[in-house]
Amino acid sequence: MDFYDALAPFYHLIYPDWNASIRRQGEQLSGLVAAEWPGTRRVLDVACGIGTQALALAEHGYAVTGSDLSAGAIERARAEARLRGLAIDLRAADMREAHAVHGGGFDLLIACDNAVPHLLTDEDLLLAFRQFAACVRPGGGCLISVRDYAHEARGTNLVKHYGARVENGKRHVLFQVWDFEGEHYDLGFYVVEEDLATAQATTHVMRSRYYAVSIARLGELLREAGFDHVRRVDGAFYQPLLIGTRSDRAPAPPPAAPRSFDPAR
Ligand SMILES: C[S@@+](CC[C@H](N)C(=O)[O-])C[C@H]1O[C@@H](n2cnc3c(N)ncnc32)[C@H](O)[C@@H]1O
């Protein structure tokens, strides 16, 4: 089963208070966007998941289009947009086919929460970034947020805790376990769900794989794909940001490639 399809009902629990995070991220991102690319209106989120940033930006008045590889996450994002009375154009799509699916003319493209390291090779990242460049008008922006793997230990059985959240009479304890293999790692995402009335516990485990690509390398690939003024921004968001502005010399997008993201791993 797809990692993010299975994670979609629990994804908000990653945050201690998802709605507060939506609000905070909306303020952070809209402030940065106004400073970097004034006049931005049309935003494309190519890894929108359940919608943390897409909802946040729509609440700030941007015209948001969102897509994600996970149909389950898109289904939840649709429900969350409906709940908030927000009109967001949402569909399931691979970011490596972003231009083929969405076309061009966007003022800004985003992919947050360490989504791009799901692409497992430099070739796939470049393919996606070329599609990103084709989606954005010249002078428009690209903003991705990523983990800084320079500060992550390598090894196996590495446990990353998220903590415990209580919701609707259930306690959820969330953690990841990482196993590195060279520059890639397999990740198990564990959600232990305990019914507080009966003390009955169920464990959900979802598996995926990431490329622990450096931010410097991502910057090089963004430049190669047709973005200028590429730079890292720290302290503006909960993760480091990498931003760039589409130049006039962005190459035409190459044909979309076959999928290499294997959510079952
Ligand atoms: C950590 S989540 C980010 C979720 C999202 N920003 C949110 O707040 O809900 C990473 C997302 O990247 C998506 N993803 C992974 N590979 C993808 C691909 N090739 N194309 C589009 N989305 C992809 C996953 O389905 C997942 O929703």
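The present account deals with the structure reproduced in this document. Note that the structure is a prediction, hence the values are computed from the model and not measured.

To continue, consider empty space enclosed by the protein. Tallied over the entire structure, the rule returns one cavity of 30 Å³ or more. Its volume calculated, the largest cavity comes out at about 370 Å³. Lining the largest cavity are 27 residues, and of these Tyr4, Ala47, Asp68, Ala115 and His118 lie nearest its centre. Residues that form the lining of the largest cavity fall into these classes: 15 nonpolar, seven polar and five charged.

So, about the packing of aromatic side chains. The tally for this structure, following the rule as stated, stands at 12 aromatic pairs. With centroids separated by 5.5 Å and ring planes inclined at 50 degrees, the aromatic side chains of phenylalanine 129 and phenylalanine 132 adopt a geometry described as tilted. Separated by three residues within a single helix, phenylalanine 129 and phenylalanine 132 lie in helix H6 (residues 122-135), roughly one turn from each other. Taking relative accessible area as the criterion, phenylalanine 132 reaches 0% and is therefore assigned buried. Judged by centre distance (5.4 Å) and plane angle (10 degrees), the rings of tyrosine 185 and tyrosine 210 are stacked.

Glancing now at unusual backbone geometry. Not every positive phi belongs to a glycine, and alanine 199 is a case in point at roughly 65 degrees. For alanine 199, the location among the structural elements is in the loop between strand E8 (184-195) and strand E9 (201-211). By relative accessible area, which is 54% here, alanine 199 ends up exposed.

What follows is about the environment of alanine 134. Along the polypeptide, alanine 134 turns up in helix H6. Residue alanine 134 is classed as buried on the basis of its relative accessible area of 14%. For the pair alanine 134 and histidine 99, spaced 35 residues apart in the sequence, the C-alpha separation amounts to 6.1 Å.

Taken together, 22 residues lie around the ligand, and Thr52, Gln53, Asp68, Met95 and Asp113 are the ones closest in. Aspartate 94 is positioned with one of its side-chain polar atoms (N or O) 3.1 Å from a nitrogen atom of the ligand. Look at the ligand: alone it shows 600 Å² of surface, and the protein chains cover 98% of it. Of all the cavities here, the one that holds the ligand is the largest cavity. For the shell around the ligand, the class distribution of residues is 13 nonpolar, six polar and three charged.

This part takes up the state of the cysteines. Throughout the structure, instances matching the rule amount to zero disulfides. Residue cysteine 135 stays outside any disulfide, its sulfur separated by 9.8 Å from that of cysteine 142, the closest cysteine. Classification of cysteine 135 by relative accessible area gives buried; the value is 0%. Here cysteine 142 stays free of any disulfide, with the sulfur of cysteine 112 as its closest cysteine sulfur at 9.6 Å.

It is worth spelling out helix H4 (residues 71-83) at this point. Because each turn of an α-helix spans 3.6 residues, side chains separated by three or four positions end up pointing in the same direction. Compared with an ideal rise of 1.5 Å per residue, which puts 13 residues at 18 Å, H4 spans 18 Å between its outermost C-alpha atoms and is within 8% of the ideal. What H4 keeps buried is the set Gly72, Ala73, Ile74, Arg76, Ala77, Glu80 and Ala81. Looking at the buried side of H4, the elements it contacts are helix H1 (3-7), helix H2 (18-36), helix H3 (52-59), strand E2 (63-68) and strand E3 (89-92). The first or second residue beyond H4 is glycine 85, which carries a positive phi of 65 degrees.

All right, on to the packing of H6 against helix H7 (residues 215-225) then. In a pair of packed helices, the angle between the axes and the distance between the axes together describe the arrangement. Here H6 crosses H7 at 50 degrees, and the two axes come no closer than 8 Å. When the axes of H6 and H7 are compared, the pair comes out oblique. As H6 packs across H7, the resulting crossing turns out to be right-handed. Across the interface between the two elements, Asp122, Leu125, Leu126, Phe129, Arg130 and Ala133 from H6 touch Arg217, Leu218, Leu221, Leu222, Glu224 and Ala225 from H7.

Quick notes on the rules
- Residues numbered from 1 in each chain as written.
- Predicted model: local features only at pLDDT ≥ 70, side-chain atom pairs only at ≥ 80, totals over all residues.
- Heavy atoms only, no water.
- 1 Å grid on protein atoms, 1.4 Å probe; cavity = no way out; pocket = protein on both sides within 12 Å on 5 of 7 lines; lining within 4 Å.
- Points joined across faces, edges and corners; volume = space filled by probe spheres on them.
- Nonpolar A, V, L, I, M, F, W, Y, C, P; charged D, E, K, R; others polar.
- Phe/Tyr/Trp six-rings, centres within 6.5 Å; stacked < 30°, edge-to-face > 60°.
- Helix = DSSP H or I, 4+ residues; strand = E, 2+ residues; numbered from the N terminus.
- Buried < 20%, exposed > 50% of the residue type's maximum accessible area, 1.4 Å probe, protein only.
- Near = heavy atom within 4 Å.
- Polar contact = N/O pair within 3.5 Å; in protein donor to acceptor, adjacent residues only side chain to side chain.
- Areas by Shrake-Rupley, 256 points an atom, 1.4 Å probe, with all protein chains shown as cover.
- Sits in = over half its atoms within 2 Å of the grid points.
- Disulfide = S-S within 2.5 Å.
- Expected span 1.5 Å × (residues − 1).
- Contact = heavy atoms within 4.5 Å.
- Axes fitted to C-alpha atoms, helices over the stretch in contact; angles between N-to-C directions.
- Parallel < 35°, antiparallel > 145°, perpendicular 65-115°, else oblique.
- Left-handed = near helix turned anticlockwise from the far one by under 90°.

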